[in-house]
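Notes for the structure review
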Amino acid sequence: VVMLTGDAPETARAIATQAGFARPDVVALGQDLQDPAQAQRLADSVDIFARMAPEHKQTLVRLWSAHGDVVGMGGDGVNDAPALAQAHVGVAMGQRGTDVAREAADVVLTDDSFTSLVEGVRLGRYTTRRILQSAAFVLAVHVPIVGLVLYCLALNLPPLVSAAQVAFLELFIGPSCSVVFERAFSHEDPMSRPPRNPREPFLSTRRIVIAIFQGSIILAMVALTYQQGLSSLGEADARSLAFSAVLLGDLMLGGTLLSPAPFWTRERWNNIWFWGVAAAVMGLLELLRRLPLTEGVLKMPPLDLAGWGHAFALAAVATLWHEV
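Residues numbered from 1 in each chain as written. Predicted model: local features only at pLDDT ≥ 70, side-chain atom pairs only at ≥ 80, totals over all residues. Heavy atoms only, no water.

A look at the pairing of strand 4 (residues 72-75)
Remark: a regular strand shows side chains that alternate across the two faces of the sheet. With burial as the criterion, only one face of strand 4 is covered, namely that bearing Met73 and Gly75; the residues Gly72 and Gly74 on the opposite face remain uncovered. Pairing of strand 4 with strand 5 (residues 89-93), which is carried by four bridges, proceeds in the parallel orientation. By the bridge assignment, glycine 74 is partnered in strand 5 with valine 91. Regarding topology, helix 4 (residues 81-86) serves as the crossover connection from strand 4 to the parallel strand 5, and that connection is right-handed. (Buried < 20%, exposed > 50% of the residue type's maximum accessible area, 1.4 Å probe, protein only. Helix = DSSP H or I, 4+ residues; strand = E, 2+ residues; numbered from the N terminus. Pairing = 2+ DSSP bridges. Right-handed = clockwise from strand over helix to strand, strands pointing away.)

Structure representation (structure tokens):
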């Protein structure tokens, strides 16, 4: 946070002390920005600038932007309008701000509170993280869906994933992303981490590779289980076991991506939306497998207790490595 004011240095120093600036005694003047080299040095080292004219504020915004920073400029007066328009995000005061400032800005604070601005940034970082988690989850869970179809075609095996089963999986993925990840909570303060580099792609290569690898592990475990089950259990029972393992693996993967905290912490277990979606999805699957009308469509008989234990163990092995 940097203070730019047209007031005297003494006034700026007093306000900075009250506001809690780390270096309230170091104050530069607008006239000190006339020399480009000195202006760059002051932009990197000083947090309080006094006697600032509109062109001085524009100079600092331009220097910070050239350095790669994302600049948010707050102001209420006519003199702030040029810098508000030049900054990446211009923030005008809604109560005492002038019409010119509000027109030049991108955001208008209705309560003129700096705390609201900070909370807005915090909410934005929370939202960005949730979208990234949701995108990684969607990418990971589609790997076994597509992979199992191709696997059965390549080896000329009975199809494991039919159109009805794909529809069931998609009905699960939607609520998981929109409900569970949207309401995910973390005790970690996003303001304690550095901001995301806007020059980097939204989904980094590392995140994409990890998501594909997570889905590939589930794919490999389920494919081998299905192939072995065809000879030992029969087609219908093998399909039922493999599909249950896929669904449980997706659920566990969602639980893994919800929070960076270790699984033994309370934070990982207090998301009631996750448990609600998990219970609803697995309960619905078991119900559809028992109803005469839908059993013939899904072509999967209900699992016994041993079958559920087998499916749970497969899903755990395929996903809990990431926890470790």
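From this point, the discussion proceeds with the structure in view.
Structural notes on the side chain of aspartate 47
With respect to the helices and strands, aspartate 47 occurs in the loop between helix 2 (36-45) and strand 3 (48-50). Other than its neighbours up to four places away in sequence, aspartate 47 contacts Val1, Val2, Met3, Phe21 and Arg23. (Contact = heavy atoms within 4.5 Å.)

Brief notes about the sheet that holds strand 4
Within the open sheet, the three strands sit side by side as 4-5-6. Their pairing is parallel. One side of each edge strand has no neighbouring strand; the edge strands of this open sheet are strand 4 and strand 6 (107-109). Put simply, the sheet's adjacent strands are angled 25° from each other on average, direction ignored. Inspection of the sheet shows strand 5 paired to strand 6 by three bridges, in the parallel sense. Looking at the pairing, alanine 92 lines up with valine 108 of strand 6. (Axes fitted to C-alpha atoms, helices over the stretch in contact; angles between N-to-C directions.)

A word on the packing of helix 6 (residues 114-154) against helix 7 (residues 163-181)
In contact at an axis separation of 10 Å, helix 6 and helix 7 are set at 165° when each is read in the N-to-C sense. Regarding the angle of helix 6 to helix 7, the classification is roughly antiparallel. Remark: the crossing between helix 6 and helix 7 carries right-handed chirality. For the pair helix 6 and helix 7, the contacting residues are Arg130, Gln133, Ser134, Phe137, Val138, Val141, His142 and Ile145 in the first and Val166, Leu169, Glu170, Phe172, Ile173, Ser176, Cys177 and Phe181 in the second. Each residue belonging to the contact of helix 6 with helix 7 can be placed in one class, and the counts come to 10 nonpolar, four polar and two charged. (Parallel < 35°, antiparallel > 145°, perpendicular 65-115°, else oblique. Left-handed = near helix turned anticlockwise from the far one by under 90°. Nonpolar A, V, L, I, M, F, W, Y, C, P; charged D, E, K, R; others polar.)

Thoughts on the side chain of threonine 5
Mapping threonine 5 onto the fold places it in the loop between strand 1 (3-4) and helix 1 (9-19). With relative accessibility at 14%, the residue threonine 5 sits in the buried group. Discounting residues that sit within four places of it in the chain, threonine 5 has contacts with Ala12, Phe49, Ala50, Arg51 and Met52.

Considering unusual backbone geometry
The bulk of non-glycine residues show a negative phi, and the bulk of peptide bonds are trans. Backbone geometry places arginine 51, a non-glycine residue, at a positive phi of 50°. Take arginine 51: it is sitting in the loop between strand 3 and helix 3 (54-66). Arginine 51 gets classed as partly exposed once you look at its relative accessible area, which sits at 49%. A positive phi angle, close to 55°, is found at aspartate 112, a residue other than glycine.

Bear in mind that shape data such as this cannot, by itself, settle questions of function.
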